[in-house]
Number of protein chains: 6
Amino acid sequence: GLHTLCGAGEPRARNGLAVHIFICNTSMVNRCLYNSDGDFLIVPQQGKLLITTEFGKMLVEPNEICVIQQGMRFSVEVFGETRGYILEVYGAHFELPDLGPIGANGLANPRDFLVPVAWYEDRQVPGGYTVISKYQGKLFAAQQDYSPFNVVAWHGNYTPYKYHLEKFMVINAVAFDHADPSIFTVLTAKSTRPGVALADFVIFPPRWGVANNTFRPPYYHRNCMSEFMGLIKGYYEAKEEGFQPGGGSLHSMMTPHGPDADCFEKASKAKLDPERVAEGTMAFMFESSLSLAVTKWGLQTSNCLDKSYYKCWEPLKSHFNPKCK
Amino acid sequence: GLHTLCGAGEPRARNGLAVHIFICNTSMVNRCLYNSDGDFLIVPQQGKLLITTEFGKMLVEPNEICVIQQGMRFSVEVFGETRGYILEVYGAHFELPDLGPIGANGLANPRDFLVPVAWYEDRQVPGGYTVISKYQGKLFAAQQDYSPFNVVAWHGNYTPYKYHLEKFMVINAVAFDHADPSIFTVLTAKSTRPGVALADFVIFPPRWGVANNTFRPPYYHRNCMSEFMGLIKGYYEAKEEGFQPGGGSLHSMMTPHGPDADCFEKASKAKLDPERVAEGTMAFMFESSLSLAVTKWGLQTSNCLDKSYYKCWEPLKSHFNPKCK
Amino acid sequence: GLHTLCGAGEPRARNGLAVHIFICNTSMVNRCLYNSDGDFLIVPQQGKLLITTEFGKMLVEPNEICVIQQGMRFSVEVFGETRGYILEVYGAHFELPDLGPIGANGLANPRDFLVPVAWYEDRQVPGGYTVISKYQGKLFAAQQDYSPFNVVAWHGNYTPYKYHLEKFMVINAVAFDHADPSIFTVLTAKSTRPGVALADFVIFPPRWGVANNTFRPPYYHRNCMSEFMGLIKGYYEAKEEGFQPGGGSLHSMMTPHGPDADCFEKASKAKLDPERVAEGTMAFMFESSLSLAVTKWGLQTSNCLDKSYYKCWEPLKSHFNPKCK
Amino acid sequence: GLHTLCGAGEPRARNGLAVHIFICNTSMVNRCLYNSDGDFLIVPQQGKLLITTEFGKMLVEPNEICVIQQGMRFSVEVFGETRGYILEVYGAHFELPDLGPIGANGLANPRDFLVPVAWYEDRQVPGGYTVISKYQGKLFAAQQDYSPFNVVAWHGNYTPYKYHLEKFMVINAVAFDHADPSIFTVLTAKSTRPGVALADFVIFPPRWGVANNTFRPPYYHRNCMSEFMGLIKGYYEAKEEGFQPGGGSLHSMMTPHGPDADCFEKASKAKLDPERVAEGTMAFMFESSLSLAVTKWGLQTSNCLDKSYYKCWEPLKSHFNPKCK
Amino acid sequence: GLHTLCGAGEPRARNGLAVHIFICNTSMVNRCLYNSDGDFLIVPQQGKLLITTEFGKMLVEPNEICVIQQGMRFSVEVFGETRGYILEVYGAHFELPDLGPIGANGLANPRDFLVPVAWYEDRQVPGGYTVISKYQGKLFAAQQDYSPFNVVAWHGNYTPYKYHLEKFMVINAVAFDHADPSIFTVLTAKSTRPGVALADFVIFPPRWGVANNTFRPPYYHRNCMSEFMGLIKGYYEAKEEGFQPGGGSLHSMMTPHGPDADCFEKASKAKLDPERVAEGTMAFMFESSLSLAVTKWGLQTSNCLDKSYYKCWEPLKSHFNPKCK
Amino acid sequence: GLHTLCGAGEPRARNGLAVHIFICNTSMVNRCLYNSDGDFLIVPQQGKLLITTEFGKMLVEPNEICVIQQGMRFSVEVFGETRGYILEVYGAHFELPDLGPIGANGLANPRDFLVPVAWYEDRQVPGGYTVISKYQGKLFAAQQDYSPFNVVAWHGNYTPYKYHLEKFMVINAVAFDHADPSIFTVLTAKSTRPGVALADFVIFPPRWGVANNTFRPPYYHRNCMSEFMGLIKGYYEAKEEGFQPGGGSLHSMMTPHGPDADCFEKASKAKLDPERVAEGTMAFMFESSLSLAVTKWGLQTSNCLDKSYYKCWEPLKSHFNPKCK
């Protein structure tokens, strides 16, 4: 099933987003969906998805992501227990960020986004094929007696696509200091206020950490964005315990946060040799300039709320010495 | 003296730039200059400059740079043999580049630019003080009998400033691949075509090199910018021999270039462990979207042209094997 | 009376629109209205409107449209059974579209928009004159003892205007292919996202159809806009039966649609000589990037819903032959 | 306490504003607030505020205003009966207006905005310190055992600031005619539609009135903005009676308004010598392109609604003489 | 004749301007001119011009200005000794400045620009009518046997226009301080760099001066614009002697300047009552972001150069007292 | 050989264009060219071109055009007498025009632009291969002993391309009136002034003419663009005689022009039935906002100047009858 965890805005205003969780083990048979409200960015975390679209088929496995845009019909086949995250945006499409001084190459390169090879079927479905539309947050169904994947020719570049997160060309500080997480942006859905994202998709991939004279984990901060984090595999460096693959955390705007006490102690004392960071791990963030509200499903129904999350910061001690120079 | 090496456009069109070389060992006494044509970005390479301006004094040493904008009166004191580079731009001011996904911190941070502490003198100069204006590329002089550095109060942020290149927070690839040199941009003077610089000031500071599966030096390229390189100290990695501190090289747009044969051989065989790059070195680039013409001084008078420069690429061999997989 | 049929957004957000239907046979006497929420684009379909405004009077007949902007007081006189459509937009004014390569002339030319000749009355109304304000979707009334149409002088260009749809300089494909309906845009109310309309007013006027090798009616499509169509007179080429003058149809975003089966058959077999299209007909479209919700009045109260509309497409047959070259 | 008087939009949409009234005579002790929703522009009207922030302390007295931005923790000390107005904006920060032909100086000059001198305390609070967050319009509290004003170093320019309204460099018509009130803009929070403000803060300070052949008070108008007016001290020229310091008036968009009958009579007959206007007075306006709704507190609970406000215009008489030349 | 005094850029680059002086006492008979290079802004200083254009006739007298745009044919009749100034711009048209917080009314109001009443003649000219084109700075002539003013109908708003400088709604500081001269902008020709004018036309009309605690004349400044001043009548407040109607002065960018010593003394001691400034005077400025070069005609041929201009500043004395508080 | 016919601006300023004519019957053998100055748009008129580039080979025949961008190496093989036109632009690339209300399809569709199939050769050239660079309008040569077409892999979309002019989806007036020629724009190179082209490439393809009550040929006009016309084949409707395939005409900005007398007579009397226009013909225009100067080659050396061109308009008679209604 598909559960909405948190969100802001709504489809009719063409300004907003929602974070959904999917958990399922049966495929869609003679049934397809199209989203009239916005675009889906799908992050499988367990099990692979064979997605049939009007543009062809995509096999999307964990550590890959895919985007299925507003209006495209698709049907999903799964193979056993499958789950993952979905970021839905209303009124904007995902695009590569403007790179600034990063120049013409780097981060997610356009050439690594894969689109399906064209495929169609000319198949009668006497028992009926159900086409479902998600419109203004509700589902509507129509019946027809043939497969909708009968598109034999098209042109343009409005296609679904997938991307393997290992292709990400990671850039970061190589002398000193800790860069903003925006340096890990894979895709962004821009708002109409320049420099402000409706939603960013950001990852924390395996990489070298080499900064000298620097606290290398994400530092403590209080900022103007909502941060929803998820974990595809491994251990997230800033909270190694309690944050599990398939889990999620939400840090709302303007409330300060940062690594847990454990991470702080370790990183404060570490010898700053070059070291591999996040080897075997893939954490990610859905970041938005809107402030998110959590649904009843997220707070209660799911029965998954970690009520002691805040305790990870309690052991943090003051290290301030006013006489130090 | 001040020698113009190359340039494009002209002051009257408010669109262009010039690269100058200065070599001198006497200070300006009871004499000051202001540039009515554009802004000076000064890169001392040997000897320090004590620059008196209407806003106060700045001591600028090698590995620092300073910017003195259009219209500001200044006088320079030197201490022995002094030389360096000047980038002059017409019709645009230098600013920090938009950072894109680098986010709110990184590269040259605003807080590291220093402006002079206010200073003035109320000094009569009976023998005459000479104020020189550079206007439309020519010099005009006026006499007065008092020091022009008599500004006792001002407000605003149109001030000269200096910056120490060691403060640059270096960002680069930390997984694989080689980023564009724009990732080293300190300051940019924008043209009116978005994304196209009238002139960029770019540096190659000491840093970690950690990219795996990568040819780490600047790769071979043919591009749409003019690249004037200079060296403040040390050895530039892509041409360790023949490119000396105080020297310069110009690679014009659309003609391919890259590391010399030596560098290519070494980098192709190197074991790709984390390593410090450019330790003890500071090379820089003035990069422009205009195509530069070299002056007669640069080609002949200076008697410094390296006519065998192109030979550094001759030993490069073809490594192509069509049967390789 | 005035009935709201469908809409999106709301006046307070200054972002939205509504489609209203008016049916009436009595004039407003000693009563006027002003809309504090947005602008009205009025499309009379039957009967003429004599509209008195503070700027003068306009007689608006079917095949003309008029725009009465936010805040203008107006009173309407009718002559028998009168009806039509109203498009209301919040937070944006209607303007002529940027013409792109169409150049300086074409489509609706500025010179064909007529504004009222100045007119006023200095009239006492002892029995009371009622001024009604539509504010945040509600109506508020105030009493005064004189006519509000007492404006004797003004300047500027914020005036109501009317436009005769016959003046539209129609541009279309003259070699082959079918152009987007945006090529018929009369007026547009822009959103703040470049290229995306809050609402467009588009017409399908009498014209020549000359494209060779082309399916000339609107082709089948599934798109990112909401399309509300109306008919002023005649027969709409893509649905000659069942779509009557005064009626309306709504095709929501992302659900595919196109000509009925009849139209498809005719157009597929037609000899493609130059022919007049839509002679004697005037259909139009209110097109929006917002997704519209239909009111209870539209779905039930009006008792006008055509529940078998979808059947017009059922006779469509597959013509696909995989072996055809 | 803090009472919301009127508003539009909401924090989650990052598009909106609210007008609050504060009346209190006790200080916040071991308690601070931060606003996760937007920025506060505070206009004290009676009593002074000693505001402690993470950036230092500010003493703000009537005729000064201060801005405390989203996310900043602050605590307020008062000295007796204290009251004033607050304008809160969501999704935009206040900035100085673009000056157009006013040029580089004028209106509120950047140099007159004061930021706190850095200050911190390293104070344990065994009984508990309460930190309150306003998030999506609700208040959330957290306990800690030390003062939050322990910031010993920071950089950047995201700081609270105050401004003395007497510093405003007033510009206005000096030959004839009455300029728009936007010429009195102190600060603006821009919407994403160019030229349209989410909210402007506008003042009517003491100044010369010299326009010849001109009705000098604000003329009668009907416009596209919501105007909330307040009075810090003195007598507002356009309504000398009944509008008291600490009071407020709201003129909604598109309903006409202007000076009361008294003011009209006086200004119509006045000899137009140069005269001082608003001497000893400071009225202001919160102006917005959104249409505001008044809260229940404003309409009922406060028991302060002036139900006969409209009567100030009733004595206005028609002066129109159609035969006059 | 027409003499070019100074300029920058050139017509072919569509970026530049020129300042011309005209002195003549004979009319153009059976001869007309059109400027293929750019637009003329004509400022008659003595004698009136009866200008016949394809759009009708305009009588332009001193204290009026007119603009004749690129490509319009016109012929000029004079009545005795006539002279004035012309500002020619290449690649941009004059427009009203964006008003910023001045709002919707003020400075030069659109309604005060007058366009000719349509007029034509159907006249044979057997002796030949000469049509002259100014193209790339040279004159080309063609013969025809009829009047070119045979345009019987046209539409659009690309028309010549005139403006009476007395209509200018002057806005300025009404509490204290001296505003930038841009506040007197009548018309501007924008460059492609936002906020930077190719050329502004600025006037200094009769007005009230009321600023308290202020040095009311233009203060001493050194700026990034070229300022060409002219005088239509009266006495310019900042240089009452030596600057005569019909004369001109050029202050190049970045060289400081200001009122003469006389003006300084008077204004420093003046009692700051409200006073009429520039009564009976009309001075103006052509201001440009380009740096102007003076022609040989201006420097020598005209025999009008005031070589002692700089002496007006020599009597200025230092008033600085470091001990003053 | 390659002859420059006319132009404006220059490569160093990155702002300008040139029109060249090529006439040749020998191929380039072991020789290639790259243009460091700008982009070539090549319009073959007689004979076909087999162009080898680093991206593959393109065969370009009359009625096709191709674009080879700045910096790309290419070599051309011809087959007998070959000639054509070249439009070179500096500082801008060609792109498809923004379509405005034409919508998402129409004019030149993206899908019809063809890029070469990748091709390379690994070929030694012992006798020497000459690589020529056009830099700042001069030619520079370098020798190497292998073919430069040795690129085995690349990515991105900076590739040469070709386009068949028959693919152009022609749009035009279908009720009445004559649209601007910009409606025929194939490709545009934008200047930095919005709406103003550095250069447009415009064609006049076979199409239907159906406008009623209209003078259908290009009307007489005087405009702000330079128009260089060429003819690939057939007869240009507005000048059937004297304008031959391979010829060219230049109408400079602001000098009026239009169809010849013959065309005027025919079109004025024609019965306005639907008719095919330009059947078998392909004329085109290079249109620029810069004013072009003709080279000495164009005026003299080529010996091709048609000195009686202006006579085609002499038989035009006045048809004006002031008494007509």
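Since the structure is predicted, the reported quantities are computational estimates derived from the model, not experimental observations.

Calculation criteria
Residues numbered from 1 in each chain as written. Chains lettered and ligands numbered in written order. Predicted model: local features only at pLDDT ≥ 70, side-chain atom pairs only at ≥ 80, totals over all residues. Heavy atoms only, no water. Contact = heavy atoms within 4.5 Å. Salt bridge = Lys/Arg side-chain N within 4 Å of Asp/Glu carboxyl O. Polar contact = N/O pair within 3.5 Å; in protein donor to acceptor, adjacent residues only side chain to side chain. Helix = DSSP H or I, 4+ residues; strand = E, 2+ residues; numbered from the N terminus. UniProt positions renumbered as here; feature names shortened; annotations may be inferred. Phe/Tyr/Trp six-rings, centres within 6.5 Å; stacked < 30°, edge-to-face > 60°. Buried < 20%, exposed > 50% of the residue type's maximum accessible area, 1.4 Å probe, protein only. Buried area = accessible area lost by both parts, 1.4 Å probe. Least-squares fit on C-alpha atoms with pLDDT ≥ 70 in both.

Residue-level contacts link 20 residues of chain B with 22 residues of chain F. At the boundary of chain B with chain F, the tally comes to one salt bridge. Here chain B and chain F share ten residue pairs in polar contact (both at pLDDT 80 or more) between them. It is strand 1 (residues 2-10) of chain B that contributes the most residues to the side of chain B that touches chain F, three residues altogether.

Before going further, it helps to spend a moment on the UniProt feature "domain: Homogentisate 1,2-dioxygenase C-terminal" (unreviewed entry) in chain A. With numbering matched to this structure, UniProt assigns "domain: Homogentisate 1,2-dioxygenase C-terminal" (unreviewed entry) to residues 167-320 of chain A. In residues 167-320 of chain A, the share of helix is 10% and the share of strand is 29%. The end C-alpha atoms are 42 Å apart.

On to the packing of aromatic side chains, then. A ring pair, where both rings are aromatic, is described by two values, the distance of the centres and the angle of the planes. Scanning the entire structure with this criterion turns up 110 aromatic pairs over all chains. Aromatic side chains Phe215 of chain D and Phe264 of chain D sit 5.7 Å apart centroid to centroid with 45° between the ring planes, which places their arrangement in the tilted category. Separated by 49 residues along the polypeptide, Phe215 of chain D in the loop between strand 17 (207-209) and strand 18 (226-233) and Phe264 of chain D in helix 1 (residues 261-269) bring together distant segments of the chain. The partly exposed category is assigned to Phe215 of chain D, whose relative accessible area is 23%. Pairwise contacts between aromatic rings join Tyr85, Phe201, Phe228, Phe284 and Phe286 of chain A into one cluster.

Moving on, we come to the side chain of Gln69 of chain E. Residue and element names in this part refer to chain E. The topology assignment puts Gln69 in the loop between strand 7 (64-68) and strand 8 (74-78). Assessed through its relative accessible area of 7%, Gln69 is described here as buried. Discounting chain neighbours no more than four positions away, the residues touching Gln69 are Gly38, Asp39, His93, Tyr158, Thr159, Pro160 and Tyr161.

Turning to the pattern of salt bridges, a few remarks are in order. Residue and element names in this part refer to chain D. Counted by the stated rule, this structure contains 78 salt bridges over all chains. Linking Glu237 and Arg207 is a salt bridge whose minimum nitrogen-to-oxygen distance equals 2.8 Å. You can see Glu237 sitting in the loop between strand 18 and strand 19 (248-251) and its partner Arg207 sitting in strand 17, a full 30 residues away along the chain. Like Arg207, Glu237 is buried.

Another point: the interface of chain B and chain A. When the parts of a complex come together, some accessible area is lost, and that lost area is often used as the size of the interface. Between chain B and chain A, the contact holds 38 residues from the first and 38 residues from the second. Buried area between chain B and chain A, both sides added, is near 2,700 Å², and the carbon and sulfur share of it is 63%. A per-residue breakdown of the area chain B buries against chain A is headed by Pro101, Val174 and Trp208 of chain B, which together make up 28% of the total. Across the contact surface, chain B and chain A share zero salt bridges. Where chain B touches chain A, the interface holds 17 residue pairs in polar contact (both at pLDDT 80 or more).

Time to look at the relation of the copies chain B and chain A. Copies of the same chain, two in number, are related to each other by a rotation about an axis and a translation along it. The transform that puts chain B on chain A rotates by 180° and translates by 0.0 Å along the axis, for an RMSD of 0.0 Å. This pairing of chains is accounted for by a two-fold axis. Among all residues of chain B, the one whose C-alpha sits closest to the rotation axis is Gly100 of chain B, at a distance of 2.3 Å. A high fraction, 100%, of the interface residues of chain B reappear at the interface in chain A, so the copies pair face to face through one surface.

Once that is clear, we can look at the UniProt feature "binding site: Fe cation" (unreviewed entry) in chain A. Residues and elements named next belong to chain A. When the UniProt feature table is mapped to this numbering, "binding site: Fe cation" (unreviewed entry) covers His221, Glu227 and His257. A maximum C-alpha distance of 11.8 Å among these annotated residues, which run over 37 residues, shows that they cluster at one spot. With respect to the helices and strands, the residue His221 is situated in the loop between strand 17 (207-209) and strand 18 (226-233). Contact partners of His221, with chain neighbours within four places excluded, come to Glu227, Thr255, Pro256 and His257. Polar side-chain contacts of His221 include one of 3.2 Å to the side chain of Glu227. Following the sequence through the fold, His257 ends up in the loop between strand 19 (248-251) and helix 1 (261-269). Accessibility expressed as a relative area gives 7% for His257, which makes it buried.

It is worth spelling out the relation of the copies chain B and chain F at this point. Between chain B and chain F, which share one sequence, the superposing operator has a rotation angle of 120° and an axial displacement of 0.1 Å; the RMSD is 0.1 Å. On this basis, the relationship between the two copies can be described by a three-fold rotation axis. Every residue of chain B has its C-alpha some distance from the rotation axis, and the shortest such distance is that of Thr192 of chain B, at 3.9 Å. A share of only 5% of interface residues in chain B that are also interface residues in chain F marks the association as one of differing surfaces.

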